[in-house]
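Chain by chain, the residues:
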Amino acid sequence: MKITDYIKLVDVNARMTLKSEASRFYLSFLWWIFEPLMVVLGFYFVFNYLLQRGQENYLLFLLCAKVPFVWFSKAVTAASGSILAQKGIISQLNIAKAIFPYSAVQVSLYKELPVLVLLLFTCLAFGFFPTQQWLWLIPLILVEYLIIIAVSLLTALIICYVEDVRILINMVMLLLMFCSGIFFEISSLSPPIGDYLLTYNPIAFMCDSFRLILMNKGMYDVNHLLLLGAIFSALIVVMHLIYHRLNYHMAARVINS
Amino acid sequence: MTENSLILQARDITLTYSMRRGMFNRFNHQALKGISMDLYRGETVGILGRNGEGKSSLMRILAGIINPTSGTVSCATDVSRILLSIGVGFMPNISGRENALYSTMLQGVSYKKAKSMLTAINDFAELGEFFEQPISTYSAGMKARLGFATAIMTDVDIMFVDEVLSVGDENFKKKAEEAMLSKLNGNQTAVFVSHSAPQVRKICNRAIWIDEGKIRAEGDAIWVTNKYHLHMLELQKLEQEKLANQEQQINTQLSASE
């Protein structure tokens, strides 16, 4: 199969999965916007009213970080079980196993696009108007996409061999949510901790950068973004080599799972 | 490959499954115990055997889906191999058309070519307007028809067929068998798995009988199927004798208790 056929197959699979999912619910694809919105409103209610931790424009503050985080967590969680879920196909066809995590990542991307548009409109509603700097969102989204692909390929592979990791992923995502500066400003942490988080937690860097750009607070560290892009691109290449090497072994594991 | 017409060669294939049954408990099963076979261009080889004798595992190895535990399968890289699969990747909430497109693409066909095959697939599957409806609305027979039509349209060098002829109602079954026969009587190289001796005799030139993971007989399809048939009759006879013995034992126990 040619690479273009693979890309098209991933796209067709993702679009059909979306259509299939949407047709199951009365509100169809509107859930892709309602669900993240309801989660953010829930957090807003807890932090702003119950805990009285709110600051000025707290809802937007939450949204700017929550949207990139939810994109990451949902995509990785969905992709992690994607190979095991396709036992039927894998036992019948010799197919590149990476197609399945890629399809799951693509489904999450398509679901995320309207949410991103909604986020931009929310910024306008809060009085944060677009500047030229907003164009820096494009490399930010691109690098987050690379991070998602790399982590998804890794977790999907591990879960093929050790399914227990599926349970750990939910716990890691919860931990990551509290360590990525979604509910608080990373710069408000005592000096070395905030820097450590931004340096060693790519999701914290992503959330902080989205907020910096959208709330017109300044510019993120472009060199760090380039470094992340390079690291995760390399990880994707390595994962493809591993997938290629383990193709038949993975098939046997999935068939006997 | 040493011979011109040889398309695939398998030597001393073994396959051992190791399945986890708890934290420290594993279950090992040797499904194949040293199978060697050659496949020549244009021939149809039947693989006979009872359920659970390793036929499907052998097909997966020959089709290049999994590797054997030991032994080799030699096949040129440009030779396309496919295990004919009915309804592979079907999603219930999308239409027959979309499912046929996706399933065809999964089997290695490009998007453009898969799209151009859709009318022929619907014509063969005889779904009419249902082709545009979600397959969750289909009967089991309709799903099988769509699955068979999608699978049979794909062009490959070696086709591995795992008992797919019993699909749909009697009329469609006949049509499916005819379509398969016309494909196999052409230049199609195929390996056909079945536990039905008459079906293998009808379709195949050569047959291999697999019993307990080993080749029990190999050669002319009529000779092998006859041997297999006789063996099955013997097994049936033994089974009947066993049942008769059990019945006799129960009757003796009953009369003793009375």
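The coordinates are above.
Residues numbered from 1 in each chain as written. Chains lettered and ligands numbered in written order. Predicted model: local features only at pLDDT ≥ 70, side-chain atom pairs only at ≥ 80, totals over all residues.

Turning our attention to the overall build of chain B. Secondary structure summary: chain B contains eight helices and nine strands in total. Each of the three principal axes of chain B carries a C-alpha extent, and together these read 75 × 55 × 50 Å. The buried share of chain B, taken over its 258 residues, is 40%. Residue pairs in contact within chain B that sit at least 24 positions apart in sequence constitute 65% of those at least 6 positions apart. (Helix = DSSP H or I, 4+ residues; strand = E, 2+ residues; numbered from the N terminus. Buried ≥ 20, exposed ≤ 12 C-beta atoms within 10 Å, placed from the backbone. Contact = placed C-beta atoms within 7 Å.)

With 23 residues of chain B in contact, the opposing surface of chain A contributes 22 residues. Mapped onto the side of chain B that touches chain A, the elements with two or more residues apiece are strand 1 (6-20) and helix 2 (96-106) of chain B. Counting residues per element, the side of chain B that touches chain A draws most heavily on helix 2 of chain B, at five residues. Of the residues assigned to the side of chain B that touches chain A, the class counts are 14 nonpolar, eight polar and one charged. (Nonpolar A, V, L, I, M, F, W, Y, C, P; charged D, E, K, R; others polar.)

Residue and element names in this part refer to chain B. With 16 residues, helix 6 (residues 170-185) extends 22 Å from end C-alpha to end C-alpha; this agrees with the ideal 22 Å at 1.5 Å per step. Buried within helix 6 we find Ala 176, Met 180 and Leu 184. Buried residues of helix 6 fall within an arc of 65° about the axis and therefore sit on the same side. Opposite the buried face of helix 6, by more than 90 degrees, sit the exposed residues Asn 171, Lys 174, Glu 178, Ser 182 and Asn 185. (Expected span 1.5 Å × (residues − 1). Arc of directions from axis to C-beta.)

This part is about the sheet that holds strand 6 (residues 158-162) of chain B. Residues and elements named next belong to chain B. Spatially, six strands are ordered 5-6-7-3-8-9 in an open sheet, and the strand pairing comes out mixed. Among the strands making up the open sheet, the edge pair consists of strand 5 (81-84) and strand 9 (214-220). Going across the sheet, the axis of each strand differs from the next one's by a mean of 15°, ignoring polarity. Across five bridges, strand 6 lies against strand 7 (residues 189-194) in parallel orientation. By the bridge assignment for strand 7, Val 161 is matched with Phe 192. (Pairing = 2+ DSSP bridges. Axes fitted to C-alpha atoms, helices over the stretch in contact; angles between N-to-C directions.)

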